[in-house]
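This is what each chain is made of:
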Amino acid sequence: MGDAGRATAAPTVRARLSIRGRVQGVYFRASTAETARTLGIAGWVRNTSEGVEAVLEGPRPAVDQAVAWCRTGPPLAAVEDVDVTWEEPEGLHGFSIRY
């Protein structure tokens, strides 16, 4: 039968993002959560003293798509910089906004 009947799932990856610019008070966290949930990504997002931090876990193509979205963010955001650190996945489930 071979591999024809089996779907190969993309491996899970984890990215930690530090996002700076005008990213608070512009629905960045809520929009990030909505985008992540739509893409089937687990993790969380929160405000920090420097901007916004997010952790994204899921298949590499979906995480790459979410990282690309974070480089622009929602319409009122003005993203200046996004630092991405790749980490070992922790097996997160669901996506939350942390306060």
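Remember, it's a predicted structure, so these values are computed and weren't measured experimentally.

Conventions adopted
Residues numbered from 1 in each chain as written. Predicted model: local features only at pLDDT ≥ 70, side-chain atom pairs only at ≥ 80, totals over all residues. Heavy atoms only, no water. Helix = DSSP H or I, 4+ residues; strand = E, 2+ residues; numbered from the N terminus. Expected span 1.5 Å × (residues − 1). Buried < 20%, exposed > 50% of the residue type's maximum accessible area, 1.4 Å probe, protein only. Contact = heavy atoms within 4.5 Å. Core = buried A, V, L, I, M, F, W, Y, C linked by side-chain atoms within 4.5 Å. Axes fitted to C-alpha atoms, helices over the stretch in contact; angles between N-to-C directions. Parallel < 35°, antiparallel > 145°, perpendicular 65-115°, else oblique. Left-handed = near helix turned anticlockwise from the far one by under 90°. Phe/Tyr/Trp six-rings, centres within 6.5 Å; stacked < 30°, edge-to-face > 60°. Lys NZ or Arg CZ within 6 Å of the ring centre and 35° of its normal. Pairing = 2+ DSSP bridges.

Engineer: Explain helix α1 (residues 28-39) to me, please; I cannot follow it from the model alone.
Structural biologist: An α-helical segment advances 3.6 residues per turn. Residues three or four places apart therefore align on the same side. Compared with an ideal rise of 1.5 Å per residue, which puts 12 residues at 16 Å, α1 spans 16 Å between its outermost C-alpha atoms and is within 8% of the ideal. Restricting attention to buried positions, one finds in α1 the residues Phe28, Ser31, Thr32, Ala33, Thr35 and Ala36. Check the buried side of α1 and you find it contacts β1 (12-22), β2 (42-47), β3 (52-59), α2 (60-70), β4 (78-87) and β5 (95-98). Of the residues flanking the end of α1, it is glycine 40, one or two places downstream, whose phi is positive at about 75°.

Engineer: Honestly, unusual backbone geometry in this entry has me stumped. Any pointers?
Structural biologist: Comment: phi is negative for the bulk of residues other than glycine, and the bulk of peptide bonds are trans. Phi at tyrosine 27 is positive, roughly 65°, even though this residue is not glycine. Here tyrosine 27 lies in the loop between β1 and α1.

Engineer: Hey, could you run me through the nonpolar core in this one?
Structural biologist: Note on soluble globular proteins: their nonpolar side chains tend to be buried together. Membership of the largest hydrophobic core comes to 22 residues, with the highest contact counts inside it found for Leu17, Ile19, Phe28, Ile41, Leu56 and Val63. Every element with two or more residues in this core is listed here: β1, α1, β3 and α2. Examining the composition of this core, we find that five residues originate from one element, α2, more than from any other. When residues no more than four places from it in sequence are discounted, the contact partners of isoleucine 19 are Phe28, Glu50, Gly51, Val52, Cys70, Val79, Asp81 and Val82.

Engineer: Would you mind showing me how to read the packing of α1 against α2 here?
Structural biologist: Any two packed helices are characterised by the angle at which their axes cross and by the distance between the axes. The interhelical angle for the contact between α1 and α2, taken along N-to-C directions, is 155°, at an axis separation of 10 Å. Classified by the interaxial angle, the pair formed by α1 and α2 is roughly antiparallel. In this structure, the crossing between α1 and α2 has a hand that is right-handed. Of the residues in α2, those in contact with Phe28, Ser31, Thr32, Thr35 and Leu39 of α1 are Ala62, Gln65, Ala66, Trp69 and Cys70.

Engineer: Can you help me understand the packing of aromatic side chains in this one?
Structural biologist: The geometry of two aromatic rings is summed up by the distance between their centres and the angle between their planes. In this structure the tally under the stated criterion is one aromatic pair. Between the aromatic rings of phenylalanine 28 and tryptophan 69, the centroid separation amounts to 5.6 Å while the plane-to-plane angle is 55°, which identifies the pairing as tilted. Here tryptophan 69 lies in helix α2 and phenylalanine 28 lies in helix α1, a separation of 41 residues in the sequence. Since its relative accessible area comes to 1%, phenylalanine 28 is described here as buried. The ring of tryptophan 86 carries arginine 60 above its face, with NZ or CZ at 4.1 Å from the centroid.

Engineer: Any chance you could explain the environment of glycine 91 here in plain terms?
Structural biologist: Secondary-structure assignment places glycine 91 in the loop between β4 and β5. Look at glycine 91 and you get partly exposed, because its relative accessible area is 42%.

Engineer: I'm lost on the sheet that holds β1 in this one. Help?
Structural biologist: Strand pairing in a sheet relies on backbone hydrogen bonds, with the paired strands running either antiparallel or parallel. An order of β4-β1-β3-β2-β5 is seen for the five strands of this open sheet, with the pairing classed as mixed. Only two strands of the sheet have a single neighbouring strand rather than two, namely β4 and β5. Taking each pair of neighbouring strands and ignoring which way they run, the sheet shows an average axis angle of 20°. As paired strands, β1 and β4 are joined by nine bridges and run antiparallel to one another. Residue pairing in the sheet places arginine 22 in a bridge with alanine 78 of β4. On top of the sheet, α1 reaches β1, β2, β3, β4 and β5; it is set at about 170° to β5, its chief contact. This element, α2, spans β1, β3 and β4 of the sheet and lies at about 155° to β3.

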